[in-house]
Every structure is written in structure tokens, then in C-alpha cells.
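Residue strings, one per chain:
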Amino acid sequence: MCGRFTQLYSCPEILAFYRIVGDICPDLAASWNVAPTNQAVVIAGGCGGLALTRMAFGLIPSWAKDPVIGSKLINARAETLSEKAAFRHALQTRRCVIPVSGFYEWGRTGTGPRKNRGAPEAPERVAVPSGQAPQQYGRQPYYIASAGAAHLSLAGLWEQWIDRLTFAIITVPANPLLATIHERMPAILSAEDARAWIETGDAALLKPYPRDQLSMWPVSRRVNAPGNNDSSLVEAVFAEPAPEPRDSARNNGEKPESPQFSFPF
């Protein structure tokens, strides 16, 4: 799944990267920790082409009686979009792209015993940069970004519920890099495919992103709290290698790799 991401590029940078004509920029500050129900910048189709707008993370179907459902519909599996009542109508006419600087994913740390119910976990002793708290056994957050420091374009769907615009991120089976920590990843598009997705909805565009175009490194568990939102969240910490993926058979027959960390220092 994809439940947290960053949006650090300015509106003019986004307009230029996607070649969007116009100067309408949503008033939204950069965020290192966009969480469900938070507002984010989204690219959607309009009367004059593509346009930027603000939407809440977590899709609320137009038929929903309670908006709380949005916090549960943050992701949509590419394989079942046309089957799910919450997504099939949006798939036809309300496709979007979420421009992100990177996203977070969680995986279990690679050493130590798994938690026995009723028994506390012993702390993990690992080396971390000065001033950062040591990691412990459990779910380790990782930050994933473009290997070339470019935008990442996440395929999505959007809906309007009364006066709210909301969106969900589409997921696909993980590539060999992400499969070391999770079996799913967001559907990432090239800039050209981002426009094609919005305009045509071609399902063939929804596929695992090439692993050599992504970098991944472990980060502090401070990102777990939505209230934490600063640049230190994406700084690398040291963690043990992640375990094997839970279902390597879902990895399109490719052998998953050990985590390949590119530390930003």
C-alpha cells in the first residue's frame, strides 16, 4: 500500500515538469508527511487540459453516507478497479496523477525475533546517526524516491462528495526492490504516461516501476506520527536488511533482491 508521501516541489516546478499550460497554483505548503485525510496537490483533467487542484487523501465515493469511509479508501488495487463499486465509476472519467517527491513504506526489520503475543519485545541495538533515536524491532519505515531526483507521478482516481474532492492512489505488485519490504507499491508513471493515464485510462500503464529508477533507505520512526512534518523525516538512519517478501510469487516471477540503500549523504 501507499499511505504516506512527500510533496516538496513548488507549483511552478510541477507545471513545468508536466508541461501544464496555465498559472493557477493551489495554495499548499510543502509537506514531508502527507497522511490520509490531508490535503495534497493533484493533477486532473479539465476543460482546457490538465490542471492542478487540491484534494483530500482518501477517496469518498459519491454514494457514501459517511465521509469516514475515505480514511479506508486511500489505495485502489489496479487489478480490481473495474470490479469495486468505490472505484469503477471514477476509473471511467475521474483519473488523476499525484505528483510526489517520494513516498514511505514499512517493512519488518531483518533481525531479532518476531513478537510473541503477550511478551514485550527487546530493544534492538543498531548504529544511528548522532542525535537520532535508535530503531527497535518491529516495522521499519523506508523512504523511496527517484534515483535521479525527479518527480514521481502516482496514478490515482478522484471523486467529488458533496463539496469535497478526494483521491486514492492506485497500487500494483511490487518491483524487486520494493518486494524486499512489501508486496505492493504505487503505480508510478513517466511524465508522458501521466498525461496518457488521465486522458485515456489505459490499464497497461499500471505496472511495477523499474527498480533501477528508484532509491530506498530506512528513515526514523518519527514519520509514524502524522503530526511530525519536517525535513528530518527523510534523512537516512541505519537499520538491518529487511526480510524476504511475504509472497515472492507475486513479483512477476522475478527473484527479489536484498534492499539496496542509497543514503543521501
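Residues numbered from 1 in each chain as written. Predicted model: local features only at pLDDT ≥ 70, side-chain atom pairs only at ≥ 80, totals over all residues. Heavy atoms only, no water.

A. Up close: the overall build of the protein. Summing up its helical and strand segments, the protein has 3 helices and 13 strands in all. Burial analysis of the protein (265 residues in total) assigns 48% to the buried set. If you take every contact in the protein between residues at least 6 apart in sequence, the share linking residues at least 24 apart comes to 74%. Summed over all atoms, the accessible surface of the protein reaches about 12,900 Å², with 52% contributed by carbon and sulfur. (Helix = DSSP H or I, 4+ residues; strand = E, 2+ residues; numbered from the N terminus. Buried < 20%, exposed > 50% of the residue type's maximum accessible area, 1.4 Å probe, protein only. Contact = heavy atoms within 4.5 Å. Areas by Shrake-Rupley, 256 points an atom, 1.4 Å probe, with all protein chains shown as cover.)

B. Here's a closer look at helix H3 (residues 191-200). Turning to H3, its buried residues are Ala194, Trp197 and Ile198. The buried residues of H3 occupy one face: seen down the axis, they fall within an arc of 90 degrees. In H3, those exposed residues whose orientation departs by more than 90 degrees from the buried face are Glu192, Glu199 and Thr200. Just downstream of H3, Gly201 is the residue with a positive phi angle, here 70 degrees. (Arc of directions from axis to C-beta.)

C. Looking closely at the confidence of the model for the protein. In this model, the protein carries an average pLDDT of 83, and 78% of its residues clear a pLDDT of 70 or more. The weakest mean pLDDT in the protein belongs to helix H1 (residues 11-17) at 89; the strongest belongs to strand E12 (residues 188-189) at 98. Note that pLDDT drops below 50 for residues 111-135; the model gives that stretch 41 contacts with residues more than four away or on any other chain. Below a pLDDT of 50 lies the segment residues 260-265, which in the model reaches 20 contacts outside its immediate sequence neighbourhood of four places, other chains included. (pLDDT = per-residue confidence, 0-100.)

D. Geometry of the sheet that holds strand E1 (residues 4-7). Across the sheet, 5 strands lie side by side as E2-E1-E7-E8-E13; this open sheet has antiparallel pairing. Because the sheet does not close on itself, it has two edges, and the strands there are strand E2 (31-34) and strand E13 (214-218). Taking the axes of each pair of neighbouring strands and ignoring which way they run, one obtains an average angle of 30 degrees across the sheet. Note: E1 against E2, 2 bridges, orientation antiparallel. Bridged to Phe5 within E2 is Val34. (Pairing = 2+ DSSP bridges. Axes fitted to C-alpha atoms, helices over the stretch in contact; angles between N-to-C directions.)

E. Here's a closer look at the pairing of strand E7 (residues 102-108). By the criterion of burial, E7 is predominantly enclosed, with 6 of the 7 residues buried. Pairing geometry for E1 and E7, over 3 bridges, is antiparallel. By the bridge assignment for E7, Thr6 is matched with Gly102. With 7 bridges connecting them, E7 and strand E8 (residues 139-146) associate as antiparallel partners.

F. Just the pairing of strand E9 (residues 152-161), in detail. Among the 10 residues in E9, 9 count as buried, and that is most of the element. As judged from the 6 bridges shared by strand E6 (residues 95-100) and E9, these two strands associate in the antiparallel manner. Pairing of Val97 across the sheet is with Ala155, part of E9. Judged from the 2 bridges that link them, E9 and E12 form a sheet pairing that is antiparallel. Bridged to Leu154 within E12 is Ile188. Where E9 and strand E10 (residues 164-173) come together, 6 bridges link them in antiparallel fashion. Across the sheet, residue Leu157 finds its bridge partner in E10, namely Ala168. Taking the residues that link successive antiparallel strands as the turn, the E9-E10 hairpin has 2 residues, and the phi of Ile162 there is positive, at about 55 degrees.

G. Molecular detail of the nonpolar core. In this structure, Phe5, Phe167, Leu178 and Trp197 are the most contacted members of the largest nonpolar core, which totals 60 residues. With residues up to four places along the chain from it excluded, the contact list for Leu178 reads Phe103, Ile144, Met185, Leu214 and Met216. Within the second largest apolar cluster, 10 residues are counted, among which are Tyr104, Tyr143, Trp217 and Ala236. (Core = buried A, V, L, I, M, F, W, Y, C linked by side-chain atoms within 4.5 Å.)

H. Highlighting the packing of aromatic side chains. All told, the structure shown has 6 aromatic pairs when counted by the stated rule. Judged by centre distance (5.3 Å) and plane angle (65 degrees), the ring pair of Phe5 and Phe57 falls under edge-to-face. Of the two residues, Phe5 sits in strand E1 while Phe57 sits in strand E4 (residues 49-57), which places them 52 residues apart along the sequence. Judged on exposure class, the residue Phe5 and its partner Phe57 are both buried. When the ring of Phe17 is compared with that of Tyr18, the centres are 4.9 Å apart and the planes differ by 80 degrees; the resulting orientation is edge-to-face. Classification of Phe17 by relative accessible area gives partly exposed; the value is 30%. (Phe/Tyr/Trp six-rings, centres within 6.5 Å; stacked < 30°, edge-to-face > 60°.)

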